[in-house]
Amino acid sequence: MNKSLTLTSFLMLLILAFMWGSSFTLIKIALGSFGPSTIAAARITLAAIVLVGVAYIRKETIPRDKSVWFYLLWLAILGSALPFFLIGWGEHHVDGGLTSVLMSIVPLTVPIMAHFFTNDEKLTPYMVMGTSIGFIGLLVLVGPSVLAGLGKDVISQGAIVLAALSYGSASLVARRLSHVPFVVVAAGSLFLAACIMLPTALVFDHPWTNTPTFKEIGALIYLGLFPTALANILLLQVINKAGVSFLALNNYLVPVFGVGIAALTLGETIPAEMLSSLAIIFGGIFVSNLKRKSG
């Protein structure tokens, strides 16, 4: 399967980074009244309803192959249910800057996993160099001092690292479904994830006891429609068009958008290093993909 980069791939990567960057702020807002299981269940269920409706309108057919449902189940667990819960739980104790650093393990590990588990996304010196440059750009944004918080809450930080590894594994699983229409993959995986998370939320969070504000409800609706429903469609297309290693670089862009969105919505200060960080990260993405131009 020959992967090629286009302007559309880069634009979809930017849109994904914006939506996922905004999700951290919206999760913080939703945590004011909802538990992590409820947040995960609500955004997944809303996204599943929307995408199942889209699949119905498009007259997509339900897969008959058992192997497709096997991979859809793993995609549901690794790409939605598990990481959504872990990030929501971990953000109770870990600040945004350190969360960004911990999530950056995705572009550091996915190219290695892809090297061993795929036939067409092998590691190259350009990829190693570009990934390293991207990580430097991230540190420019959050500041090396953020790393001082490592180890202070090992369990919460470990949960976020596990979520990052889960996302990376999910992108490899999604490759196994490249022959299935992307709307079917997104709708099917989110439907299965909702079947997992709804009972979990009811048992552990007792959401009927909450008294949320309109702002917190709005945060849940946004999380369901954009960073979950729309993002699932875009990420599957990016994987099919450009590969999992390219998609993983998105995690260097997410903190940049996250900081900017937090500044606009929560009144936080935009760091002076933001533009230079963005330039370095884009440089890393460019270098990591030089192999495509030369190969």
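See above for the structure.
Sequence order as written defines residue numbering, which begins from 1 separately in each chain. Only residues with pLDDT of 70 or above have their local features reported here, since the model is predicted, and side-chain atom pairs are shown and tallied only from 80 upward, although totals for entire chains, interfaces and linings are computed over all residues. Derived side-chain values reflect all non-hydrogen atoms in the structure, with water molecules and hydrogen atoms excluded from consideration.

## Overview of helix H5 (residues 105-117)
Applied cut-off: Numbering of helices and strands runs from the N terminus, with a helix taken as a DSSP run of H or I at least four residues long and a strand as a DSSP run of E at least two residues long. Here, expected helix span is obtained from the residue count minus one, scaled by 1.5 Å. Throughout this description, buried means an accessible area under 20% of the type-specific maximum (1.4 Å probe, protein chains only), exposed means over 50%, and partly exposed covers the range between.
Taking 1.5 Å of rise per residue, the 13 residues of H5 would be expected to cover 18 Å, and the 18 Å separating its terminal C-alpha atoms lies within 8% of that figure. Val106, Pro107, Thr109, Val110, Pro111, Met113 and Ala114 are the residues of H5 that are buried.

## Concerning the packing of helix H3 (residues 66-90) against helix H7 (residues 154-175)
For clarity, the cut-off: Lines are fitted to the C-alpha atoms to define the axes, a helix being fitted only along its stretch in contact, and any angle between axes, read from their N-to-C directions, falls within 0 to 180 degrees. Working rule for angles: under 35 degrees goes down as roughly parallel, over 145 as roughly antiparallel, 65 to 115 as roughly perpendicular, anything else as oblique. By definition, any crossing whose near helix is turned counterclockwise from its far helix by less than a right angle is left-handed, and any crossing with a clockwise turn is right-handed. All residues other than Ala, Val, Leu, Ile, Met, Phe, Trp, Tyr, Cys, Pro, Asp, Glu, Lys and Arg, Gly among them, are scored as polar; the first ten of these are nonpolar and the last four charged.
Two numbers describe how H3 lies on H7: the axes approach to 8 Å, and their chain directions differ by 155 degrees. The angle between H3 and H7 places the two elements in the roughly antiparallel class. Judged by the twist between their axes, the crossing of H3 over H7 is left-handed. Per-class residue counts for the contact of H3 with H7 are 20 nonpolar, five polar and no charged.

## Some remarks on empty space enclosed by the protein
Put simply, the rule reads: A cavity here means a set of 1 Å grid points, computed over protein atoms only, where a 1.4 Å probe fits but cannot escape. A pocket is an open set with protein on both sides within 12 Å along at least 5 of 7 lines, and lining residues have an atom within 4 Å of a point. Grid points are joined across faces, edges and corners, and a volume is the space filled by probe spheres set on the points.
For the structure on display, the rule yields four cavities of 30 Å³ or more. Of the voids in this model, the largest cavity is the one considered here, and its volume is about 450 Å³. Forming the walls of the largest cavity are 29 residues, and the residues nearest its centre are Trp20, Gly79, Tyr167, Leu235 and Asn251. Of the residues assigned to the lining of the largest cavity, the class counts are 19 nonpolar, nine polar and one charged.

None of the figures reported here should be taken as evidence of function without further support.
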